[in-house]
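So you can see what is in the structure, the chains are spelled out below.
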Amino acid sequence: MTKQVKKTALSGVQPTGKPHIGNYFGAMRQFVELQNTYGGFFMIADYHALNSVQSAKDLKENIVDVALDYLAIGLDPSKATIFKQSDVSAHTELSWIFDTITTVAFLMRAHAFKDAEAKNKEISVGTFNYPMLMAADILLYDVDVVPVGADQKQHVEITRDTAEKFNRIFGETFKLPEALIMKDVGTVPGTDGQKMSKSYRNTIPLFATDDEIEKAVMSIVTDSEGGMPKNVYEIHKLFLPKEKLDQLYSEKAGKYKDLKEVLIADIKKFVTPLREKRAGLAKDKAAVIKILKDGGEKARAQAEAKMKVVRKNIGVSLY
Ligand code: AMP
Ligand code: TRP
């Protein structure tokens, strides 16, 4: 009988600020489910974050914060590899190799770049190249699935295209990964109805205090349509089964304040144990740092083995 080889899942979160319920329901919740059946790699994308966090103090704190977030939602270092990107220099090395086979025109089609351009931002080369580093993150580990929110779908497609192109030029080297997106979640809206995002000040933090939950929910914009506050409903749907939700919203049609109060209670019920668990873990930072260090070593061993093949296939390996 042939041995069943475990499939591999990899994902990452940028250490750019507090995670919100959109991050959790859109992506992070899947990490916890996957770690039981897949070989899991869960990364802190600190080199990606360097495009926007350019303070050593902040970046350091944010990195430990994401590690705590991962542990608090239930990632288990005895099952999955939890590590930070900057501990495995193969990521930036492979990203450079991908830069050389990728055209500027191709990367200009990326949504993240187009959004930045539309906002007339000064765009760093790192922001432009972002998808190449993400492709390297994934392709180094022969990944089968990439659990992410809907907004990252294009990045995974770019990763597949890059793997195919490399394989075409240099011979079969990389496995093509699939994005794994929670169909029933999609993109979680923020309190203003736009996509919930750390950079828009429209979030409900995943580890929010009661006060933060109350303020955030009360600030949800309620554009009325037949007594149905769409933004409140879209967020509430993450916390209640559809039947219960629809019954509640028909019973309390038009009563926005009541609906918001129920939502506050439902979020508190969900967030309180997570917040308490995280506070407990935060008491032992040394333990968290050790988990990252060990995870980095494990990831590095695997990535280095892959880089040996890559270097050989591109022709820089002489001894
Ligand atoms: P980031 O914080 O940008 O590194 O995102 C971490 C993960 O959360 C990624 O897989 C994103 O796709 C996902 N994500 C971010 N914002 C949302 C949202 N509003 N709805 C659903 N998923 C999201
Ligand atoms: N780009 C992802 C985001 O902003 C974070 C990320 C970096 C990632 N590298 C990754 C996600 C590799 C999945 C796989 O959310």
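Residues numbered from 1 in each chain as written. Chains lettered and ligands numbered in written order. Predicted model: local features only at pLDDT ≥ 70, side-chain atom pairs only at ≥ 80, totals over all residues. Heavy atoms only, no water.

Visitor: Explain the site of ligand 2 to me, using residue names and the numbers behind them.
Guide: Taken together, 14 residues surround ligand 2, and among them Q14, Y130, M134, D137 and Q152 come closest. Note that a nitrogen atom of ligand 2 is positioned 2.7 Å from one of the side-chain N or O atoms of Y130. One nitrogen or oxygen atom from the side chain of D137 is found 2.7 Å from a nitrogen atom belonging to ligand 2. Contact with the protein chains hides 89% of the accessible area of ligand 2, taken as 360 Å² for the molecule alone. Where the shell around ligand 2 is concerned, the elements lending two or more residues are β1 (8-13) and α7 (125-139). For the shell around ligand 2, the leading source of residues is α7, giving four residues. (Near = heavy atom within 4 Å. Polar contact = N/O pair within 3.5 Å; in protein donor to acceptor, adjacent residues only side chain to side chain. Areas by Shrake-Rupley, 256 points an atom, 1.4 Å probe, with all protein chains shown as cover. Helix = DSSP H or I, 4+ residues; strand = E, 2+ residues; numbered from the N terminus.)

Visitor: Give a description of the domain arrangement of the protein that names residues and reports values.
Guide: We note that the domain assignment places domain 1 (8-186 + 285-314) and domain 2 (198-279) within the protein. Once you take the C-alpha centre of each, domain 1 and domain 2 turn out to be 30 Å apart. Counting residues at the interface gives 21 residues for domain 1, matched by 16 residues for domain 2. Together, the buried faces of domain 1 and domain 2 total about 1,600 Å²; carbon and sulfur atoms form 66% of this surface. The salt bridge partner of R278 is D65, with a shortest N-O separation of 3.3 Å. Here domain 1 is connected to domain 2 by eight residue pairs in polar contact (both at pLDDT 80 or more). Listed by contribution, the elements that provide at least two residues to the side of domain 1 that touches domain 2 are α1 (21-34) and α3 (56-73). Per-class residue counts for the side of domain 1 that touches domain 2 are ten nonpolar, six polar and five charged. (Domains from an automatic or database assignment. Contact = heavy atoms within 4.5 Å. Buried area = accessible area lost by both parts, 1.4 Å probe. Salt bridge = Lys/Arg side-chain N within 4 Å of Asp/Glu carboxyl O. Nonpolar A, V, L, I, M, F, W, Y, C, P; charged D, E, K, R; others polar.)

Visitor: Quick one: what's the story with the site of ligand 1, residue by residue and with numbers?
Guide: The immediate surroundings of ligand 1 are formed by 17 residues, with G149, D151, V188, M196 and K198 found nearest. Within the backbone of Q14, one N or O atom sits 3.0 Å away from an oxygen atom of ligand 1. K198 places a polar side-chain atom, nitrogen or oxygen, 2.7 Å from an oxygen atom of ligand 1. Burial of ligand 1 by the surrounding chains reaches 91%, relative to a free accessible area of 490 Å². More than half of the atoms belonging to ligand 1 lie within 2 Å of the grid points that define the largest pocket. Here the element with the most residues in the shell around ligand 1 is α1; it accounts for four residues. A class-by-class count of the residues in the shell around ligand 1 yields five nonpolar, nine polar and three charged. (1 Å grid on protein atoms, 1.4 Å probe; cavity = no way out; pocket = protein on both sides within 12 Å on 5 of 7 lines; lining within 4 Å. Sits in = over half its atoms within 2 Å of the grid points.)

Visitor: Please set out the environment of D87 residue by residue, giving values where relevant.
Guide: Tracing the backbone shows D87 in the loop between β3 (80-84) and α4 (90-101). Linking D87 and G190, residues 103 residues apart in sequence, is a C-alpha distance of 33 Å. If sequence neighbours within four positions are ignored, D87 has contacts with L292, G296 and R300.

Visitor: A description of empty space enclosed by the protein should follow, citing residues and the corresponding values.
Guide: Applying the stated criterion to the full structure yields one cavity of 30 Å³ or more. Looking at the largest cavity, its volume works out to about 40 Å³. For the largest cavity, the full set of lining residues is V185, T187, V188, P189, E234, K237 and L238. Looking at the lining of the largest cavity, its residues break down into four nonpolar, one polar and two charged. (Points joined across faces, edges and corners; volume = space filled by probe spheres on them.)

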